[in-house]
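If you want the building blocks of each chain, they are given just below.
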Amino acid sequence: MIESPYNYKRFIILYVDDEEMSLKYFTRAFEDQFRILTASNAQDGLALLEKHKDDIALLMTDQRMPGEKGTWLLEKSRQINPRLIRILATAFADMEAAIAAVNTGAIYKYVTKPWDPPQLEQTLKRGLEYFMIQQERDLLLKEKTSVLRNMMVAEHIVRLGLLAAGMSHHIRNSLVAVKTFLDLAPSKMEEEKSVEGLRNPDFWKEYHQNVQKQIEKINTMLKDLWAASDNPSFEFKDSVQLHKVASDAIEKLAQNFAEKKIRIENQIPVTLPSLMVDGPKFFRLFELLFKDEIASLPPESTVRLNAAPCPGGVRLEVADDGPGLPREELRLVFDPFILRADTPQEYGINLMACFFIVHHHGGSIEAQSDGRGTTFVLKLLTDPLQPPTSPEGDDFLQKVLLHDTAWEKLIASQ
């Protein structure tokens with residue numbers, strides 16, 4: 001006899017019936033093959049469903065019971081877990097209720113009482129198989145989506161990297177000429193004794209300083225973008241503590257936070273595992289992230305940092321209590337030259353550089369907002385040179401195809 005590939009004791013079968021002998025007979029007949037829970041009325045059955053909602057895969061209930069009927073419990077169970085396999089046990093007198101339940105999609109099958117043990121055993125096994133294959137299919141679809149998303153992110157990174165490289169090269173070359181002109185402007189103005197300059201020399205001096213300041217700001221952003229997008233330049237040789245890196249970046253920008261009266265709370269546990277990183281670039285990640293918070297938040301806001309271990313690394317949250325971002329901006333917040341509604345003078349290049357740095361460290365970064373405040377969620381690997389295994393590749397594809405074949409056979413047998 002071929003051994004079944006399914007573990008029928010992985011999940012629980014719940015049987016609800018007001019007849020005590022029926023419950024005992026069911027348990028005695030099937031407890032060797034399945035994990036079983038029983039209840040003597042619909043209300044107790046509902047309580048067990050809510051308590052074990054992640055473990056119960058199949059519900060079988062009698063229709064005629066004191067109090068609420070079986071169809072009531074079936075409908076309630078569908079609200080708790082739509083994937084739950086539902087079976088209605090009926091006498092011939094209740095056939096109309098069974099037919100109605102089938103027609104409304106409330107049940108997987110119905111069985112007539114008294115039930116035949118061998119036949120019911122096969123029905124229960126097929127029901128559990130159906131549940132497990134649905135669960136596996138959902139998991140595989142989720143993994144497929146994850147793989148496709150990772151492929152899209154990788155392609156996005158390449159395109160943005162090329163854009164960053166070209167943008168940095170051409171804009172910085174143009175700025176060199178402008179900066180050279182500005183450097184020569186004061187002496188030239190002195191030579192020619194400009195009438196306007198003599199009338200208001202302080203205006204031209206301040207104007208000249210402001211323009212140079214803006215050019216230097218653009219140059220710095222482009223340097224950050226270039227360094228962050230240049231993957232081969234990353235060297236993961238520095239072991240750091242996340243709490244310490246964040247504290248150092250906060251200390252460096254303390255005056256900037258103080259000027260806007262922004263409170264920043266570093267609640268990152270000091271007990272987290274060390275991370276292998278490119279030290280200078282990893283530190284710059286926090287600087288750029290904090291600079292974006294300073295630029296976008298109103299005065300007297302609060303920023304909180306917290307982190308916890310996660311598979312393969314650490315999950316970091318940088319949460320503020322600012323005005324938040326609408327959904328359409330959350331999708332584009334890491335793209336270059338996207339005007340921010342909260343800070344229209346900023347172009348988001350800092351966040352784009354953050355995106356590059358995190359990605360090249362093997363992690364991910366995303367922005368979340370519920371309409372009040374924005375939270376940046378970063379997942380950072382303990383060691384980027386040893387990333388966790390993913391479902392990509394031939395093994396994953398083979399698993400998908402085998403599962404699809406099993407799904408088709410199961411559907412055909414219904």
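Residues numbered from 1 in each chain as written. Predicted model: local features only at pLDDT ≥ 70, side-chain atom pairs only at ≥ 80, totals over all residues. Heavy atoms only, no water.

Peer 1: Could you give me a rundown of the pairing of strand 12 (residues 375–381), with the residues and numbers involved?
Peer 2: On any regular strand, side chains alternate: one points to one face of the sheet, the next to the other face. With six of seven residues buried, strand 12 is to be regarded as a mostly interior element. Sheet topology places strand 10 (residues 313–320) next to strand 12; seven bridges connect them, and they run antiparallel. Paired with alanine 319 across the bridge in strand 12 is threonine 375. Direction of pairing for strand 11 (residues 364–368) relative to strand 12: antiparallel, over a ladder of five bridges. Residue pairing for strand 12: glutamine 368 is matched across the bridge by threonine 375. (Buried < 20%, exposed > 50% of the residue type's maximum accessible area, 1.4 Å probe, protein only. Helix = DSSP H or I, 4+ residues; strand = E, 2+ residues; numbered from the N terminus. Pairing = 2+ DSSP bridges.)

Peer 1: Talk me through the sheet that holds strand 4 (residues 85–90); I want residue IDs and the actual numbers.
Peer 2: Taken in spatial order, the five strands line up as 2-1-3-4-5 in an open sheet, and their pairing is parallel. A single partner strand is all that each edge strand has here, and the edge strands are strand 2 (35–39) and strand 5 (109–112). Adjacent strand axes in the sheet meet at a mean angle of 20°, parallel and antiparallel pairs treated alike. (Axes fitted to C-alpha atoms, helices over the stretch in contact; angles between N-to-C directions.)

Peer 1: Which residues make up helix 10 (residues 279–296), and what are the values?
Peer 2: Helix length check: helix 10, at 18 residues, gives a terminal C-alpha distance of 26 Å against a target of 26 Å (1.5 Å per residue), a fit within 8%. Counting buried positions along helix 10 yields 14 of 18 residues, so the element is predominantly enclosed. (Expected span 1.5 Å × (residues − 1).)

Peer 1: Outline unusual backbone geometry, supporting the account with residue identities and numerical values.
Peer 2: Look at the link from lysine 113 to proline 114: it is a cis peptide, with omega at 0°. Assignment of secondary structure puts proline 114 in the loop between strand 5 and helix 5 (117–192). With a phi angle near 55°, lysine 261 is a residue other than glycine that sits in the positive phi range. Within the secondary structure, lysine 261 is located in the loop between helix 9 (254–259) and strand 7 (263–266). For lysine 261, a relative accessible area of 53% corresponds to the exposed category.

Peer 1: Lay out the nonpolar core in plain terms, naming residues and giving numbers.
Peer 2: Membership of the largest hydrophobic core comes to 45 residues, with the highest contact counts inside it found for Leu242, Phe282, Phe286, Phe290 and Leu378. Residue assignment for this core shows that the elements contributing at least two residues are helix 8 (242–252), strand 8 (275–277), helix 10, strand 9 (302–310), strand 10, helix 12 (349–360), strand 11 and strand 12. If you tally residues by element for this core, the top one is helix 10, at seven residues. Among the nonpolar cores identified, the runner-up in size contains 23 residues, and Leu23, Tyr108, Phe131 and Met132 belong to it. (Core = buried A, V, L, I, M, F, W, Y, C linked by side-chain atoms within 4.5 Å.)

Peer 1: Quick rundown of the pattern of salt bridges? Include the residues and the values.
Peer 2: Applying the stated rule across the entire model yields twelve salt bridges. In this structure, arginine 126 engages glutamate 129 in a salt bridge whose closest nitrogen and oxygen atoms are separated by 2.6 Å. Of this pair, arginine 126 and glutamate 129 both sit in helix 5, three residues apart, which is roughly one turn of the helix. Classification of arginine 126 by relative accessible area gives partly exposed; the value is 27%. Beyond isolated ion pairs, a larger network of salt bridges with shared partners links Asp17, Asp62 and Lys113. (Salt bridge = Lys/Arg side-chain N within 4 Å of Asp/Glu carboxyl O.)

Peer 1: Before we move on, can you summarise the packing of aromatic side chains with the specific residues and values?
Peer 2: The full count for this structure, using the stated rule, is twelve aromatic pairs. By the ring-pair criterion, three or more aromatic residues cluster together here, those being Tyr6, Tyr8, Tyr15, Tyr25, Phe26, Phe30, Phe34 and Trp115. (Phe/Tyr/Trp six-rings, centres within 6.5 Å; stacked < 30°, edge-to-face > 60°.)

Peer 1: Please give an account of the sheet that holds strand 10 that cites residues and values.
Peer 2: The mixed open sheet is built from five strands, whose spatial order is 7-9-10-12-11. One side of each edge strand has no neighbouring strand; the edge strands of this open sheet are strand 7 and strand 11. Adjacent strand axes in the sheet meet at a mean angle of 15° when their direction is disregarded. Here strand 9 runs beside strand 10; their pairing, made up of eight bridges, is antiparallel.

Peer 1: Provide a residue-level description of helix 1 (residues 20–30), including the pertinent values.
Peer 2: Looking only at helix 1, the buried set comprises Ser22, Leu23, Phe26 and Phe30. Down the axis of helix 1, the buried side of the element spans an arc of 100°, and every buried residue falls inside it. Of the exposed residues in helix 1, the ones pointing more than 90 degrees away from its buried face are Met21 and Arg28. (Arc of directions from axis to C-beta.)

Peer 1: Requested: an account of the packing of helix 2 (residues 42–51) against helix 3 (residues 70–80), with residues and values cited.
Peer 2: Where helix 2 contacts helix 3, the two axes come as close as 10 Å, and the packing angle between them is 15°. In terms of axis orientation, helix 2 runs roughly parallel to helix 3. The two elements helix 2 and helix 3 meet at a crossing, and its hand is right-handed. Counting all contacts with helix 2, which are made through Ala42, Gln43, Gly45, Leu46, Leu49 and Glu50, the residues of helix 3 involved are Trp72, Leu73, Lys76, Ser77 and Ile80. Residues that form the contact of helix 2 with helix 3 fall into these classes: six nonpolar, three polar and two charged. (Parallel < 35°, antiparallel > 145°, perpendicular 65-115°, else oblique. Left-handed = near helix turned anticlockwise from the far one by under 90°. Contact = heavy atoms within 4.5 Å. Nonpolar A, V, L, I, M, F, W, Y, C, P; charged D, E, K, R; others polar.)

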